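So the chains spell out like this:
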Amino acid sequence: MGVVVKFSAGVAMTLLFVIVVPYITDTYIIPYIKEAVGDSGFLFISSQTLIQILIFMVMVGFMFLLGGGAVFRWFGVFGILGMIVAYYILGDVTRAIIPLVSIVIVWLIFTLLRKRKEKKKAGKTAKS
């Protein structure tokens, strides 16, 4: 995959996540969840709380599919640059800070875990 394709995919995924996902959620998913839950309750949780929990779960699903981590996993650094440009096109580059910080934190954690695993594996092979 070329650099231009990765960059364009980062822009497209971010625009989908910021514009299309809220529209679909507000238009189709939230009314469906409200209709399905109705005025019922589960133990001490009210129907409104159940609706909010289900909506949060839907949004987390969309974040995994279209969020900053997915852009980085599928398209790398050039996809992330596309994501920043998409936020610039939308008029607020500061909204890219949270996805970028979360990507860096996850990358650091996985790097540390990978190094620890490699050390453990190297220690086992040295003992054998």
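Look up: the structure comes first, before these words.
Everything numeric here is computed off the predicted structure, so don't read it as measured data.

*Asks:* Would you take a moment to explain the packing of aromatic side chains for this structure?
*Replies:* Here the structure, examined in full by the defined rule, presents one aromatic pair. Seen from their ring centres, Trp74 and Phe75 are 6.5 Å apart, and the 85° between their planes marks the pair as edge-to-face. Classification of Trp74 as partly exposed rests on a relative accessible area of 44%. With relative accessibility at 12%, the residue Phe75 sits in the buried group.

*Asks:* I keep staring at the packing of helix α1 (residues 3-37) against helix α3 (residues 68-90) and nothing clicks. Help me out?
*Replies:* When two helices pack together, their arrangement is given by the angle between their axes and by how far apart the axes lie. Contact geometry of α1 with α3 gives a least axis separation of 6 Å together with a crossing angle of 60°. Considering the relative orientation of α1 and α3, their crossing is right-handed. A per-class count over the contact of α1 with α3 returns 19 nonpolar, four polar and one charged.

*Asks:* Would you explain the environment of Val11 in this entry?
*Replies:* Secondary-structure assignment places Val11 in helix α1. Judged by relative accessible area, which is 14%, Val11 ranks as buried. Once the C-alpha coordinates of Val11 and Lys115 are considered, the two residues, 104 residues apart in sequence, prove to be 32 Å apart. When neighbours within four sequence positions are excluded, Val11 is seen to be in contact with Gly82, Met83, Val85 and Ala86.

*Asks:* Quick question: what am I supposed to make of the nonpolar core here?
*Replies:* The nonpolar side chains of a soluble globular protein tend to be buried with one another. With 15 residues, the main nonpolar core has Met13, Phe17, Val21, Leu66, Ile80 and Tyr87 as its most contacted residues. Of all the elements in the fold, those that place two or more residues in this core are α1, α2 (47-66) and α3. Here the element with the most residues in this core is α3; it accounts for six residues. When neighbours within four sequence positions are excluded, Phe17 is seen to be in contact with Pro22, Phe62, Met63 and Leu66. Within the second largest apolar cluster, five residues are counted, among which are Ile30, Val37, Ile51 and Ile55.

What counts as what
Residues numbered from 1 in each chain as written. Predicted model: local features only at pLDDT ≥ 70, side-chain atom pairs only at ≥ 80, totals over all residues. Heavy atoms only, no water. Phe/Tyr/Trp six-rings, centres within 6.5 Å; stacked < 30°, edge-to-face > 60°. Buried < 20%, exposed > 50% of the residue type's maximum accessible area, 1.4 Å probe, protein only. Axes fitted to C-alpha atoms, helices over the stretch in contact; angles between N-to-C directions. Helix = DSSP H or I, 4+ residues; strand = E, 2+ residues; numbered from the N terminus. Left-handed = near helix turned anticlockwise from the far one by under 90°. Nonpolar A, V, L, I, M, F, W, Y, C, P; charged D, E, K, R; others polar. Contact = heavy atoms within 4.5 Å. Core = buried A, V, L, I, M, F, W, Y, C linked by side-chain atoms within 4.5 Å.

Structural measurements only, silent on function.
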